[in-house]
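# Structural overview
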Amino acid sequence: MATQGASTGANGATTRPPPNPSPLRTAKFFQANMRILVTGGAGFIGSHLVDRLMENEKNEVIVVDNFFTGSKDNLRQWIGHPRFELIRHDVTETLLVEVDQIYHLACPASPIFYKYNPVKTIKTNVIGTLNMLGLAKRVGARILLTSTSEVYGDPLVHPQDESYWGNVNPIGVRSCYDEGKRVAETLMFDYHRQHGIEIRIARIFNTYGPRMNIDDGRVVSNFIAQAIRNEPLTVQSPGTQTRSFCYVSDMVDGLIRLMEGNNTGPINLGNPGEFTMLELAENVKELINPEVKIIHVENTPDDPRQRKPVITKAKEVLDWEPTIKLRDGLPRMEEDFRKRLGIPRTA
Ligand SMILES: NC(=O)c1ccc[n+]([C@@H]2O[C@H](COP(=O)([O-])OP(=O)(O)OC[C@H]3O[C@@H](n4cnc5c(N)ncnc54)[C@H](O)[C@@H]3O)[C@@H](O)[C@H]2O)c1
Ligand SMILES: O=c1ccn([C@@H]2O[C@H](COP(=O)(O)OP(=O)(O)O[C@H]3OC[C@@H](O)[C@H](O)[C@H]3O)[C@@H](O)[C@H]2O)c(=O)[nH]1
């Protein structure tokens, strides 16, 4: 059951208890299944999360997605399964379903996609999160938001722990996403304090793995697709900017632990291994295609210059830390990309 009594917020504020869930939950003949909504479940992280949730026979999973960056193909193994439902729905519209938990992931994550229609991105983050919180309030569900390391903006503190308030441009081309997620976090805490909703906030750092869109535009998918196609790896200048890359199975494990645990967050989830984009390109070249060229191309505005999570809180509160190193994760992603591109490894 998702509702136990409100937990204490990050700022120590005591809150009202959450609303009661449906009386069906205590009915004599009711099967005690957990009904879980995953918004954005047809996307990269969402579909891996669905796979993990479906492994538990007590779970029923409902995915809502507008298929902007996600695809039914990511969920094909579950379509038609009696414990699974897929609904084409945009989270900027209200949704009425009876659920115990909500994993709220719906939002384009790749910069080229979130900048494509910035007004829609901010609507998804603000109105979409408001709608999911309204749903959580109505049915007494616990709700987890996948926030982002981008709430730290171009960080002046390095590495970043959860107490850092960030350095974000409010009017830049990335703001629809960064500021959108910051407002989404604010809404989560206001619903928690004002209405007693049980909330969980994950601040996800760059995550990679199989099933990323091949033309997603993010750096790991770009470099792997380029290496396989024998096209130059496009390092955006200066190439010394850093990121920390977490393999998707580690991320999903962290999200489920956060949902099931007692801490509201925000909690950083990410792999603290830090790489410059040039180092990443060199790793991809060495592992996938030693012949490939590395070229420098122009960068985009407001690109964060450094990013690395402090994960002490996740270790303490969730007993979680990543297990898969970049050099082990890249070949797994290569295999998936080769299959989808139809380009087998030679020799
Ligand atoms: N992958 C990362 O590195 C990363 C890092 C930080 C945060 N996150 C967050 O994790 C979540 C999932 O990211 P991802 O990498 O899987 O991205 P993704 O683009 O693959 O998945 C997002 C999903 O949300 C759906 N969606 C977008 N707008 C929607 C709307 N208005 N209504 C319904 N569905 C909508 C898309 O169709 C897609 O299936 C996002 O909230 C993202 O901000 C991801
Ligand atoms: O082809 C490329 C693409 C990107 N890059 C660089 O690689 C770095 C990472 O860029 P990505 O587009 O993969 O992702 P970003 O780190 O900028 O943003 C991501 O951060 C966390 C999440 O919330 C999102 O998934 C996304 O916004 C940037 O410095 C970018 O300039 C390249 O050097 N070459």
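Since the structure is predicted, the reported quantities are computational estimates derived from the model, not experimental observations.

Our next topic: the UniProt feature "domain: NAD(P)-binding" (unreviewed entry) in the chain. The UniProt feature table records "domain: NAD(P)-binding" (unreviewed entry) at residues 37-333. As annotated, residues 37-333 has a helix share of 36% and a strand share of 18%, and its two end C-alpha atoms lie 27 Å apart.

Before going further, it helps to spend a moment on the site of ligand 1. Surrounding ligand 1, one finds 29 residues, the nearest of these being Asp65, Thr69, Leu105, Tyr177 and Thr207. Note that an oxygen atom of ligand 1 is positioned 3.0 Å from one of the backbone N or O atoms of phenylalanine 68. A distance of 3.0 Å is found between a nitrogen atom of ligand 1 and a side-chain nitrogen or oxygen belonging to aspartate 90. Here ligand 1 loses 97% of its free accessible area of 820 Å² to cover by the protein chains. When residues of the shell around ligand 1 are traced back to their parent elements, those giving at least two are helix H1 (44-54), strand S5 (142-148) and helix H4 (175-195). Here the shell around ligand 1 takes 3 residues from S5, the largest share from any one element. Looking at the shell around ligand 1 residue by residue, the class counts come to 13 nonpolar, 12 polar and 4 charged.

This next bit is on the side chain of threonine 242. Relative to the helices and strands, threonine 242 resides in strand S9 (residues 242-244). Assessed through its relative accessible area of 10%, threonine 242 is described here as buried. At a separation of 2.7 Å, a polar atom in the side chain of threonine 242 contacts the side chain of glutamate 274. With residues near it in sequence (within four places) discarded, threonine 242 still touches His158, Glu274, Phe275, Thr276, Met277, Arg305, Gln306 and Arg307.

Thresholds, definitions, all that
- Residues numbered from 1 in each chain as written.
- Chains lettered and ligands numbered in written order.
- Predicted model: local features only at pLDDT ≥ 70, side-chain atom pairs only at ≥ 80, totals over all residues.
- Heavy atoms only, no water.
- UniProt positions renumbered as here; feature names shortened; annotations may be inferred.
- Helix = DSSP H or I, 4+ residues; strand = E, 2+ residues; numbered from the N terminus.
- Near = heavy atom within 4 Å.
- Polar contact = N/O pair within 3.5 Å; in protein donor to acceptor, adjacent residues only side chain to side chain.
- Areas by Shrake-Rupley, 256 points an atom, 1.4 Å probe, with all protein chains shown as cover.
- Nonpolar A, V, L, I, M, F, W, Y, C, P; charged D, E, K, R; others polar.
- Buried < 20%, exposed > 50% of the residue type's maximum accessible area, 1.4 Å probe, protein only.
- Contact = heavy atoms within 4.5 Å.

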